[in-house]
Every structure is written in structure tokens, then in C-alpha cells.
Amino acid sequence: MNTKLQTRLGTLSSWSPWTITWILAIRLFVALVSDPNRTGNYSPLWLAIWLLVAVETLIIIWMALGLGLRKRLKRKPSVVANMLLGAFIGASANLSTGGLAILTGIDTEGLWHVRAVGGALSFPLAFILLNNLRGAIIERNENIAKLSEVENELLGYRDSAKQVLLDANESMRAKTVAQVSPALENIDRLLQGRTEDKTRLDLI
């Protein structure tokens, strides 16, 4: 696996608040659409169950990182470890949703295998998609920052070039005046006292 994917999917930063927040938001949307539509029961208890399951998800992530995953990922990236944790979280969340729904009486079907497999696949998939999106955004911002830096350097060079050109023109003008002035002064001295036009023309 290339370094870019390892960085995006196998590091501690893969569990960034941005990624976790979006995964929970996506799961909220799916939870409020799939189960209520399937059961025909649009009870607000579905939202309450999602909140409990979201807390469960955060606790599992916190426990996994605290029990050694954080040190493991700091030492060496591991896409497999993150994917396994994501699959466990997804399956647990779906199974908890089913159990709480039956316990509260808003659902009568467990669908345990569907929930387990669906959660084990959907969470890692969202994890992959969101972290790749996040990585692309970070790279884009870094490239824009580099381009802005180069642009500022070029603008600085342009301003410097203008000043250099002005200095060169001023120096050339000063040298020209310095070289021509003595000759003009010499001609002026030679013309003193000579008033005939023909003599002046011959002298010039």
C-alpha cells in the first residue's frame, strides 16, 4: 500500500474529530431513513437510540485508543488495525440499534445478521471515503499555500526588478551627464568672445 493511503487511513489522525463527526452524521441520516421507513414507525425514539449508539461509538473509539491503539499508530501506521476497529464499531452500533429498538417496542425484527454485516462494511467504507476526502482537502490547501508563496516571491522579484531598472537608468543618466558636461563646458569656453555665426559653426 502506498504511503499516501497509509497516512490517510492508517494513522492516529485518521480518527480526527472531523472524520468521526461526519461518520456519525451519515449514520444519523441512514438511521432516521432506513429503520423508520422499514417499520413504518416514525417514533422520536429512533433519534434517542441514535444518540445512545453515537455515545457508544465514541466510547469504543476512546477505549481502543487508550488500550494501545494510539501507541501502535504513533509507532507505525496500520490500515488493517483501523479497518478492524471500524468494522467492530459499525457492527456493534447496528446491533445495539436493533436491540434498543426491540427493547423500546418500536421494532419487532432483529435482523441481526443484516445489521452486523451492514455495520461491519458501512463504517469502514465511510471511514475510507471521508479520510480520502479529508486528505485531498489538506493537500489542496497545502498546494494553494505553496502557490501563494511562489506568487509572492515572484511579485517581490518583480518589484525588485523595477527598482533595479530605475537605479540602472539613474546611474546611466548620471554617467552620461558626467561625460557630456565637460565637453559642453569646453565648447562654451571656446565660444566666449566669438560672435560670428560661421566661426561658431566651424568651431562646433
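Residues numbered from 1 in each chain as written. Predicted model: local features only at pLDDT ≥ 70, side-chain atom pairs only at ≥ 80, totals over all residues. Heavy atoms only, no water.

Account for unusual backbone geometry, with residues named and values stated.
The phi dihedral of Leu111 is positive, around 50 degrees, even though this residue is not glycine. Relative to the helices and strands, Leu111 is located in the loop between α4 (79–104) and α5 (112–191). (Helix = DSSP H or I, 4+ residues; strand = E, 2+ residues; numbered from the N terminus.)

Please set out the packing of aromatic side chains residue by residue, giving values where relevant.
Scanning the entire structure with this criterion turns up 3 aromatic pairs. For the ring pair Trp18 and Trp22, a centre distance of 6.3 Å and an interplane angle of 55 degrees mean the geometry is tilted. With Trp18 and Trp22 both in helix α2 (residues 17–39), this residue pair falls 4 residues apart, about one helical turn. Trp22 gets classed as partly exposed once you look at its relative accessible area, which sits at 44%. Site record: aromatic cluster; members linked through ring pairs are Trp15, Phe123 and Phe127. (Phe/Tyr/Trp six-rings, centres within 6.5 Å; stacked < 30°, edge-to-face > 60°. Buried < 20%, exposed > 50% of the residue type's maximum accessible area, 1.4 Å probe, protein only.)

Lay out the pattern of salt bridges in plain terms, naming residues and giving numbers.
The tally for this structure, following the rule as stated, stands at 8 salt bridges. Across the salt bridge formed by Glu139 and Lys4, the nearest N and O atoms sit 3.7 Å from each other. Taken together, the positions of Glu139 in helix α5 and Lys4 in helix α1 (residues 3–9) put the pair 135 residues apart, joining distant regions of the chain. Note on Glu139: relative accessible area 28%, which makes it partly exposed. Overall, the relative accessible area of 45% leaves Lys4 in the partly exposed class. Between Glu109 and Arg38 there is a salt bridge, and its shortest N-O distance comes to 3.1 Å. Highlighted residues: Glu109 in the loop between α4 and α5 and Arg38 in helix α2, separated in sequence by 71 residues. A relative accessible area of 32% places Arg38 in the partly exposed class. What emerges from the salt-bridge pattern is a single network uniting Asp35, Arg38, Asp107, Glu109 and Arg115. (Salt bridge = Lys/Arg side-chain N within 4 Å of Asp/Glu carboxyl O.)

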